[in-house]
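Residue-level structure breakdown
What follows is the residue order along each chain.
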Amino acid sequence: MLLIATYSREARTTLRNVCRSHEDSVVRRFGRAALLAETEWAAFLACRLRAKHGADVQVERTRPFNEFAAVRPAVREAAAAYEERDARSTPYEKFAAGAEYPDPAAMRDVEL
Amino acid sequence: MRLRLDGGTYRGRAVDLRGYVASPAAALDALEGDSAGAGPLATVTPETPPLATALAAAARSRGHDHPADEARRQLRSELSRAEAAVADAEDATAALTAARRRAAEAGDNVERLRERVATLRGRLQATRGGQAHASDAETSAAADADHSRDADADADVDADGRRRGGSEKELESTFASATRALTEAETERAAAEQALARARRRARAERDARQRRLRLRDALANRRREARAALARAVYPAFADALAAVPGDADPGAEPAEFAGDPVAGQLAAVRLAERAEPVVVAVDRFDGVAEATRRLNAPVVLVGGGRDGA
């Protein structure tokens, strides 16, 4: 999908108007951002926004996140286990230290 | 007031330009004085500003202040710093666009050369195979067809062994140069990707500044709205009295949100409520004459409408 974020009131207004006029291309709207369908038409809209507002428009191409494909099982399991922890106040660093869960610093260095 | 128009000068608290000047803008331009013609109370036209805006201006003219004024001054100075930060980082966008284009072209180039290398490799293998089995007409024909697509190696392959040997050498050198070009293109692509990553990092810093600017602008607009609303509420009882003294059908209700009826009446009442020395240009037909308008609005008045400039 195409993620469009705006950085000025004018660009935000244009994005709002674009989303209103082209609802079928809009997957989700946020305050000053929107997710558009991955079509040539949506790309056309994104290019128009960029042409009109330059640096006040950011366009990124996103893809769905599949935790079963993108991430090793240990990461998923650690996340599930941490959310099930007994003491809410335990930080993950401490939670992982005693067990076989992945080290947070190591995870930060691994790209998906 | 003093008003200069077509070489003539008008003076006094009441100037009637009806049948002569139609547009409020022309009258505002003709007014002399620094603050004349500024603000939401400078004119009364059928297109009124939001009531809270007019009321807040009237309240300020009556010396009302708002506790958020200091916070707004603070926000304004933060905003001007954020705006300066954005201005300093201005060229990051152009650089990012150029980096995207370069990376895309470098990627296309690699794809194109990969295909070419693969084609040439296939052709080379076919040529060598054709040499080994000279009688295999099908392979030879296939190699021919491939050759004719490529001007670099557009040599005839036939039963002549020597000619075929020369063609194979040509093909080998074409293949070698294509392989070199591919290596160079891959190097360029890696460099372009790195440049794009750098440009993205710079753009992220620039976007931080833009985001900060946007937040401050929004915060300032919110404070302004709050101040307007508070000021409008502060003078609302006096506004209701003023509304009773101007022409037009409207019910003020207990607070600005409850105002119902003729918006021009609201605007006229806001003008009457205000304590301004500057003249107001009136472009609505609500008064018997300029003297009545001046008295009802409690302000110097220029009446316009139905003039030779149209409207």
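Refer to the structure above for everything that follows.
Residues numbered from 1 in each chain as written. Chains lettered and ligands numbered in written order. Predicted model: local features only at pLDDT ≥ 70, side-chain atom pairs only at ≥ 80, totals over all residues. Heavy atoms only, no water.

Some words on the sheet that holds strand E3 (residues 14–16) of chain B
Residue and element names in this part refer to chain B. Across the sheet, which stays open at both edges, the four strands sit in the order E3-E8-E7-E4 with parallel pairing between neighbours. Each edge of the sheet is formed by a strand with only one pairing partner; in this case those strands are E3 and strand E4 (43–44). Across two bridges, E4 lies against strand E7 (residues 280–282) in parallel orientation. When the bridges of E7 are listed, Val-44 appears paired with Val-282. Its contacts with the sheet put helix H9 (residues 290–297) on E3, E7 and strand E8 (301–303), and the angle it makes with E8 is roughly 140°. (Pairing = 2+ DSSP bridges. Helix = DSSP H or I, 4+ residues; strand = E, 2+ residues; numbered from the N terminus. Contact = heavy atoms within 4.5 Å. Axes fitted to C-alpha atoms, helices over the stretch in contact; angles between N-to-C directions.)

Digging into the packing of helix H1 (residues 9–21) of chain A against helix H2 (residues 40–53) of chain A
Residues and elements named next belong to chain A. The geometry of H1 relative to H2 is characterised by a closest axis approach of 10 Å and an angle of 155° between their N-to-C directions. Considering the angle they form, H1 stands roughly antiparallel to H2. In this structure, H1 crosses over H2, and the sense of that crossing is right-handed. Taken together, the residues of H2 that come into contact with H1 (itself represented by Glu-10, Ala-11, Thr-14, Leu-15 and Val-18) are Leu-45, Leu-49, Lys-52 and His-53. Residues belonging to the contact of H1 with H2 are distributed by class as follows: five nonpolar, two polar and two charged. (Parallel < 35°, antiparallel > 145°, perpendicular 65-115°, else oblique. Left-handed = near helix turned anticlockwise from the far one by under 90°. Nonpolar A, V, L, I, M, F, W, Y, C, P; charged D, E, K, R; others polar.)

Regarding a positive patch on the surface
Residue and element names in this part refer to chain B. On the surface, Arg-198, Arg-201, Arg-202 and Arg-204 cluster together into a positively charged patch. You can see Arg-202 is positioned in helix H6 (residues 161–234). For Arg-202, a relative accessible area of 48% gives the class partly exposed. (Patch = residues over 30% accessible without salt bridge, like charges linked within 9 Å, V, L, I, M, F, W, Y side chains within 5 Å. Areas by Shrake-Rupley, 256 points an atom, 1.4 Å probe, with all protein chains shown as cover. Salt bridge = Lys/Arg side-chain N within 4 Å of Asp/Glu carboxyl O. Lys, Arg positive; Asp, Glu negative; His and termini not counted. Charge placed at Lys NZ, Arg CZ, Asp CG, Glu CD. Buried < 20%, exposed > 50% of the residue type's maximum accessible area, 1.4 Å probe, protein only.)

Points about H9 of chain B
Residues and elements named next belong to chain B. Buried within H9 we find Val-290, Glu-292, Ala-293, Thr-294 and Leu-297. Where H9 is buried, its residues contact E3, helix H8 (263–273), E7 and E8. Looking one or two residues past H9, Asn-298 carries a phi angle of roughly 55°, positive in sign.

With respect to the pairing of strand E3 (residues 33–36) of chain A
Residue and element names in this part refer to chain A. Alternating positions in E3 separate into two faces, Ala-33 and Leu-35 on one and Ala-34 and Leu-36 on the other, with burial throughout. Pairing of strand E1 (residues 2–6) with E3, which is carried by four bridges, proceeds in the antiparallel orientation. When the bridges of E3 are listed, Leu-3 appears paired with Leu-35. Where strand E2 (residues 26–29) and E3 come together, three bridges link them in antiparallel fashion. Paired with Arg-29 across the bridge in E3 is Ala-34. Linking two consecutive strands that pair antiparallel, namely E2 and E3, is a turn of three residues.

Considering the sheet that holds E1 of chain A
Residues and elements named next belong to chain A. Ordered in space as E2-E3-E1-E4, the four strands form an open sheet in which the pairing is antiparallel. Edge strands, defined here as strands with exactly one partner in the open sheet, are E2 and strand E4 (57–61). Across the sheet, the mean angle separating the axes of adjacent strands is 20° when strand polarity is ignored. Strand contacts of H1: E1, E2, E3 and E4, with the helix running at about 140° to E1, the strand carrying the most contacts.

Describing the packing of aromatic side chains
Residue and element names in this part refer to chain A. Within this structure, the stated rule accounts for seven aromatic pairs over all chains. Consider the rings of Tyr-92 and Phe-95, whose centres lie 6.2 Å apart with planes at 35°: the pair is tilted. Here Tyr-92 pairs with Phe-95, and both are found in helix H5 (residues 92–97), just three residues apart, close to one helical turn. With respect to burial, Tyr-92 and Phe-95 carry one shared label: buried. (Phe/Tyr/Trp six-rings, centres within 6.5 Å; stacked < 30°, edge-to-face > 60°.)

A closer look at the interface of chain B and chain A
Contact with chain B, which involves eleven residues of that partner, is made by 13 residues of chain A. Taking both partners together, chain B and chain A bury about 1,100 Å²; carbon and sulfur atoms supply 48% of that area. On the chain B side of the contact with chain A, Arg-207, Arg-210 and Leu-214 of chain B bury the most area, a combined 48% of that side's loss. The tally of links between chain B and chain A comes to four salt bridges. For Arg-12 of chain A, the salt bridge is made with Asp-218 of chain B, and the minimal N-O distance between the two is 2.7 Å. There are five residue pairs in polar contact (both at pLDDT 80 or more) connecting chain B and chain A. Looking at the side of chain B that touches chain A, the element that brings in the most residues is H6 of chain B, giving nine residues. Tallied by class, the residues present in the side of chain B that touches chain A amount to two nonpolar, two polar and seven charged. (Buried area = accessible area lost by both parts, 1.4 Å probe. Polar contact = N/O pair within 3.5 Å; in protein donor to acceptor, adjacent residues only side chain to side chain.)

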